[in-house]
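Examining the three-dimensional arrangement
Here is what each chain is made of, one letter per residue.
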Amino acid sequence: MGSTLLSELATEILVPVCAVVGIIFSLVQWFIVSRVRLTHERPPSSNSDKKNGFNDYLIEEEEGINDQSVVAKCADIQSAISEGATSFLFTEYQYVGVFMIAFAILIFVFLGSVEGFSTKGQACTYDQQKMCKPALATAAFSTVSFLLGAITSVLSGFLGMKIATYANARTTLEARKSVGKAFIVAFRSGAVMGFLLAANGLLVLFIAINLFKLYYGDDWEGLFEAITGYGLGGSSMALFGRVGGGIYTKAADVGADLVGKVERNIPEDDPRNPAVIADNVGDNVGDIAGMGSDLFGSYAESSCAALVVASISSFGINHEFTSMLYPLLISSIGILVCLITTLFATDFFEVKAVKEIEPSLKKQLIISTVLMTVGIAIVSWIGLPSSFTIYNFGAQKVVKNWQLFLCVAVGLWAGLIIGFVTEYYTSNAYSPVQDVADSCRTGAATNVIFGLALGYKSVIIPIFAIAVSIFVSFSFAAMYGIAVAALGMLSTIATGLAIDAYGPISDNAGGIAEMAGMSHRIRERTDALDAAGNTTAAIGKGFAIGSAALVSLALFGAFVSRAGITTVDVLTPKVFIGLIVGAMLPYWFSAMTMKSVGSAALKMVEEVRRQFNTIPGLMEGTTKPDYATCVKISTDASIKEMIPPGALVMLTPLIVGIFFGVETLSGVLAGSLVSGVQIAISASNTGGAWDNAKKYIEAGASEHARTLGPKGSEPHKAAVIGDTIGDPLKDTSGPSLNILIKLMAVESLVFAPFFATHGGLLFKIF
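Residues numbered from 1 in each chain as written. Predicted model: local features only at pLDDT ≥ 70, side-chain atom pairs only at ≥ 80, totals over all residues. Heavy atoms only, no water.

1. A few points about the overall build of the protein
Condition: A run of H or I in DSSP counts as a helix once it spans at least four residues, and a run of E counts as a strand once it spans at least two, with each numbered from the N terminus. A radius of gyration in this sense is built from C-alpha atoms; the matching globule rule multiplies 2.2 Å by the number of residues raised to 0.38. Residue exposure (1.4 Å probe, protein chains only): buried if accessible area is under 20% of the type maximum, exposed if over 50%, otherwise partly exposed. Should any heavy atoms of two residues lie within 4.5 Å, those residues are counted as being in contact. Accessible surface area values rest on a Shrake-Rupley calculation with a 1.4 Å probe, where residue burial reflects the displayed protein chains alone. Charge convention: Lys and Arg are scored as positive, Asp and Glu as negative, and His as well as the terminal groups of each chain are ignored. Lys charges are placed at NZ, Arg charges at CZ, Asp charges at CG and Glu charges at CD.
For the protein, the count of helices and strands is 24 helices and four strands. Taking 2.2 N^0.38 as the reference for a compact globule, 766 residues should give roughly 27 Å; the C-alpha atoms of the protein span a radius of gyration of 26 Å, in line with that estimate. C-alpha atoms of the protein, sized along the principal axes, occupy 80 × 60 × 45 Å. Expressed as a percentage of the 766 residues in the protein, the buried residues total 65%. Counting contacts in the protein only where the partners sit at least 6 residues apart, residues at least 24 apart contribute 84% of the total. For the protein, the exposed surface amounts to about 25800 Å²; the carbon and sulfur share of it is 68%. Positive and negative side-chain charges in the protein, numbering 50 and 61 respectively, have mean positions lying 1 Å apart.

2. Things to note about the nonpolar core
Threshold: As used here, the term nonpolar core means buried Ala, Val, Leu, Ile, Met, Phe, Trp, Tyr and Cys residues forming a set that is joined through side-chain atoms within 4.5 Å.
The biggest cluster of nonpolar side chains holds 229 residues, and the ones touching the most others in it are Tyr 326, Ile 357, Tyr 480 and Phe 559. It is helix α4 (residues 179–216) that provides the largest number of residues to this core, a total of 23 residues. Leave out the neighbours within four places in its chain, and Tyr 326 touches Ile 376, Val 379, Ser 380, Leu 384, Leu 404, Phe 405, Val 408, Tyr 480 and Val 484. Val 436, Ala 689, Trp 690 and Ala 718 belong to the second largest nonpolar core, which has 18 residues in total.

3. A closer look at the pattern of salt bridges
Applied cut-off: Should a side-chain nitrogen of Lys or Arg be within 4 Å of a carboxyl oxygen of Asp or Glu, the pair is scored as a salt bridge.
A full pass over the atoms with the stated rule returns 31 salt bridges. Across the salt bridge formed by Arg 272 and Asp 270, the nearest N and O atoms sit 2.9 Å from each other. Residue classification places Arg 272 among the partly exposed residues on the basis of a relative accessible area of 23%.

4. Some remarks on the side chain of Ser 469
Under the convention used in this document: Two N or O atoms form a polar contact when they lie within 3.5 Å of each other; inside protein one atom must be a possible hydrogen donor and the other a possible acceptor, and for residues adjacent in sequence the pair counts only when both atoms belong to side chains.
On the secondary structure map, Ser 469 appears in helix α14 (residues 460–490). A polar side-chain atom of Ser 469 sits 2.9 Å from the main-chain carbonyl oxygen of Ile 466. Apart from residues no more than four positions distant in its own chain, Ser 469 is found in contact with Val 410, Ala 414 and Leu 550.

5. Brief notes about helix α6 (residues 276–311)
An α-helix turns once per 3.6 residues; consequently, residues spaced three or four apart project the same way. Put simply, the rule reads: In this analysis, the expected span of each helix is defined as 1.5 Å times one less than the number of residues it contains. To obtain the bend at a residue, axes are fitted to the seven residues ending there and to the seven starting there, and the angle between these axes is taken.
With 36 residues, α6 should reach 52 Å at 1.5 Å per residue; the first-to-last C-alpha distance of 52 Å fits that figure. At Met 291, α6 shows its largest kink, close to 25 degrees. Within α6, 36 of the 36 residues are buried, which leaves the element mostly enclosed by the surrounding structure.

6. A few points about the packing of α4 against helix α10 (residues 357–383)
Selection rule: Here the axes come from fitting lines to C-alpha atoms, over the contacting stretch only for helices, and the angles between their N-to-C directions go from 0 to 180 degrees. The hand of a helix crossing depends on one turn: near helix anticlockwise from the far one by less than a right angle means left-handed, and clockwise means right-handed. Amino acid classes used here: Ala, Val, Leu, Ile, Met, Phe, Trp, Tyr, Cys and Pro are nonpolar; Asp, Glu, Lys and Arg are charged; the rest, including Gly, are polar.
Two numbers describe how α4 lies on α10: the axes approach to 11 Å, and their chain directions differ by 30 degrees. For the pair α4 and α10, the sense of crossing is right-handed. Two secondary-structure elements touch here, α4 through Val 179, Phe 183 and Phe 187 and α10 through Ile 357, Ser 360, Leu 361 and Gln 364. The residue makeup of the contact of α4 with α10, split by class, is five nonpolar, two polar and no charged.

7. As for the pairing of strand β4 (residues 395–400)
Note on strand geometry: in a regular strand, side chains alternate between the two faces of the sheet. Operational definition: For two strands to be treated as a pair, DSSP must find no fewer than two bridges joining them.
When strand β3 (residues 387–392) meets β4, the two strands line up antiparallel, connected through six bridges. Across the sheet, residue Thr 389 finds its bridge partner in β4, namely Val 398. Between β3 and β4, which pair antiparallel in sequence order, lie two residues; one of them, Phe 393, sits at a positive phi of approximately 45 degrees.

8. A few points about the state of the cysteines
Threshold: In plain terms, two cysteine sulfur atoms within 2.5 Å form what is called a disulfide here.
Throughout the structure, instances matching the rule amount to zero disulfides. There is no disulfide at Cys 407, and the cysteine sulfur nearest it, in Cys 304, is 19 Å away. Relative accessible area serves as the criterion here: at 0%, Cys 407 is assigned to the buried category.

9. A few points about the environment of Ala 549
Its place among the elements puts Ala 549 in helix α16 (residues 520–562). Excluding anything up to four places from it in sequence, Ala 549 contacts Ile 466, Leu 673, Val 677 and Ile 741.

10. Things to note about the packing of aromatic side chains
For clarity, the threshold we go by: Aromatic rings from Phe, Tyr and Trp, with only the six-membered ring used for Trp, were paired whenever their centres fell within 6.5 Å, and each pair was classed as stacked if the ring planes differed by under 30 degrees, edge-to-face if by over 60, and tilted otherwise. Remark: a charge is flagged as sitting over a ring if the NZ atom of Lys or the CZ atom of Arg is within 6 Å of the ring centre and within 35 degrees of the ring normal.
Going through the model one piece at a time under the given rule, you end up with 29 aromatic pairs. Where Phe 344 meets Phe 349, the ring centres are 6.1 Å apart and the plane angle is 20 degrees; that geometry is what we call stacked. Aromatic ring contacts, followed pair by pair, group Phe 99, Phe 103, Phe 110, Phe 146, Phe 240, Phe 751, Phe 754 and Phe 755 into a single cluster. Here the basic side chain of Arg 170 rests over the ring of Tyr 166, its NZ or CZ set 3.9 Å away from the ring centre. The ring centre of Phe 321 lies 3.7 Å from the NZ or CZ of Lys 213, which sits over that ring.

11. Let's talk about the packing of helix α1 (residues 8–34) against helix α3 (residues 135–175)
What describes two packed helices is the angle between their axes and the distance between those same axes. Keep this limit in mind: In this scheme, roughly parallel covers angles under 35 degrees and roughly antiparallel covers those over 145, while 65 to 115 is roughly perpendicular and the rest are oblique.
Packing of α1 against α3 leaves a shortest axis separation of 10 Å and a crossing angle of 40 degrees. Here α1 lies oblique to α3, going by the angle between them. Relative to α3, α1 is oriented so that their crossing is left-handed. Along the contact surface, α1 presents Trp 30, Val 33 and Ser 34, while α3 presents Tyr 166, Ala 167 and Arg 170. Looking at the contact of α1 with α3 residue by residue, the classes come out as four nonpolar, one polar and one charged.

12. Description of α14
The terminal C-alpha atoms of α14 lie 21 Å apart, and with 31 residues this falls more than 12% below the ideal 45 Å at 1.5 Å per residue. Of all the bends found along α14, the most pronounced is centred on Ala 477 and spans about 135 degrees.

13. Regarding a nonpolar patch on the surface
Test applied: Grouping into patches uses exposed residues only, defined as over 30% relative accessible area, and leaves out salt-bridged ones; the cut-off is 9 Å for like charges and 5 Å for nonpolar side chains (Val, Leu, Ile, Met, Phe, Trp, Tyr).
On the surface, a nonpolar cluster with roughly 540 Å² of combined accessible area is contributed by Val 570, Phe 576, Ile 580, Val 581, Met 584 and Trp 588. Position of Val 581 relative to the elements: it lies in helix α17 (residues 573–614). Overall, the relative accessible area of 39% leaves Val 581 in the partly exposed class.

14. Here we look at unusual backbone geometry
With phi around 55 degrees, Asn 265 is a residue other than glycine that occupies positive phi space. For Asn 265, the position within the fold is in the loop between α5 (220–263) and α6. Positive phi values are uncommon outside glycine, yet Asp 269 reaches one of about 60 degrees. Here Asp 269 lies in the loop between α5 and α6. The exposure class assigned to Asp 269 is buried, which follows from its relative accessible area of 7%.

15. Observations regarding the environment of Leu 232
Along the polypeptide, Leu 232 turns up in helix α5. Assessed through its relative accessible area of 0%, Leu 232 is described here as buried. Among all residues touching Leu 232, those that are not within four sequence positions of it are Phe 103, Ile 107, Phe 146, Leu 743, Val 746, Glu 747 and Val 750.

16. So, the confidence of the model for the protein
To keep things clear, this is the line we draw: Per-residue confidence from the predictor is reported as pLDDT, a score between 0 and 100.
For the protein, per-residue confidence averages 88 on the pLDDT scale, and 96% of positions sit at 70 or higher. Long-range and interchain partners of residues 42–64, a stretch whose pLDDT sits below 50, account for 45 contacts in this model, where long-range means more than four residues apart.

Spelled out as structure tokens, the structure:
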């Protein structure tokens, strides 16, 4: 089979070094952002920092650069947003913490009971001649890795939120100088989150594998089975973060828009609107903390799926440590590639005009993909033997290292295609969104019809891209190929997250500019940053959904192998009932999340109306609204409403596995994957298109847009209604669905030994 060029020692050094480099790079970026002062003082001038714009204190009176009250106002608003976000996350984590402990106990009890809590060694699942560690050990280590994944996921979301709330006002202040300087601050802050998350996820996983190895020794099958808990922990926390954060942000957004814009005809983020602080807090807890946990979950699961399959292939059987850690090597090189890519946006090229913002972000995706292709080729050459075998449903398939390179590359490029198709359907620079905006001439109904049609149509190319990558990677390297294709798509996660976090930071910056009463020119700059951010957020969601499809398929393969199912036959009633019920689950889940946003928004609308009607001087701007009540409404609603959808996802695999057995469960997983991906893509893109159609009319940048505007016109009101309907689609239901399909698959994999031994109670009775 041949040996690898990279020695075991070199692997043990390379992976943690790359992770530490990522952490150091993010701290350097954070330090640069922190040099934008939120107190009014002049730093000593030097020429070295011209590019980052700290010392270009051009005294332009009309921009209010040396207006101390503006700086003070920005600082106040920032601290209000930060406090709101922190208190919400702490409340959320208290509830989630209880769940985490309860579920950890459940994992231990269920997996421990597989062999009746015996401490004796057992015959290995895939090689009956060898003796492996007892099931009780797997139960204990799975529980530990579940807790590790959960804590890392929570930490990823929390740190992301902290950085975003730290950077939002700084972006606003830099916008007084130029749009380029504001862009760099927002982008650097996004990079802090991207690199911290990618490096932390990699480092914790690497340390966990090495510590578990001390106990497991040569039993790699048991070792990597226990590691799957890491993916389960990451995704279960992401589910609550995404759903809770999504309900919070959209309840506030819908409430603020319906009363503020449509009824009272005041601008977005107007300080007179009582829901405005809650709306800005929501961007951080939903889009940043939720997205961070979500992508961390995808990354953890695709690594776990690849490691499980590899442990029963020649890598695991022959104890080839370097080849075994191939998934981690890909992520390590990914961090270095993203580091170089980030420098293109912050140091090599400078954004000088509004029209350069979106191309600059798109270049990030292209540069990282091209460089990563080279990176994967190098890793495949030095980290893999020239030929090896991969486990393929009971048989061993011979694979060459160049075939595995193609598996990863096809996933990487499929991600780029999905990103660009998403951009085409959601950016107002292209005809689909412009057609949606044009349909607003005849009112909200036609806007809704056009928007829904756009969303359904936008599913076509991404599904073909996913289908091609599945076919190619499975043909070359069976289920392992699909797992590494998912890793390929996520290998540039640091850049993807930087671009994604940039959106909400810019959105907040615009809100702060409006609330601090800054000039119209500054608001135009932050709006331009925000419009680009909307599109990049849609691209980020596209990536998350595409990778979720591949990840859950890889986990599905690992589950089927682990549960001892040789074929999944759709014609057997056991499997078919699972398939049809599984396909229904995303609808049930979406219904729950949409209804939650609706009922929370209803309370918010009533509260905002009450304040406008009862607080004297509020519309005139002489008295301040009661922001705290609106923040409380959003917090209470989201905490209460996130539990039922969370329970649906977490309990379904347990109930199906225990009562109906592994065949029916395999049907449920396949069904939810097939329908969930379609709904997720169409929901995200429909919402994104409606949002940008509204922005297209508001900006009035083209002749066509000016015929539809200005703000407050009938077409604009129709566009606002479309945007409001799209809010829960693009920020709550859509993004949460990718967690649903991944989480059910990884949970089934973790509990597979229990279901295979004790599952299918109903079929055993009858």
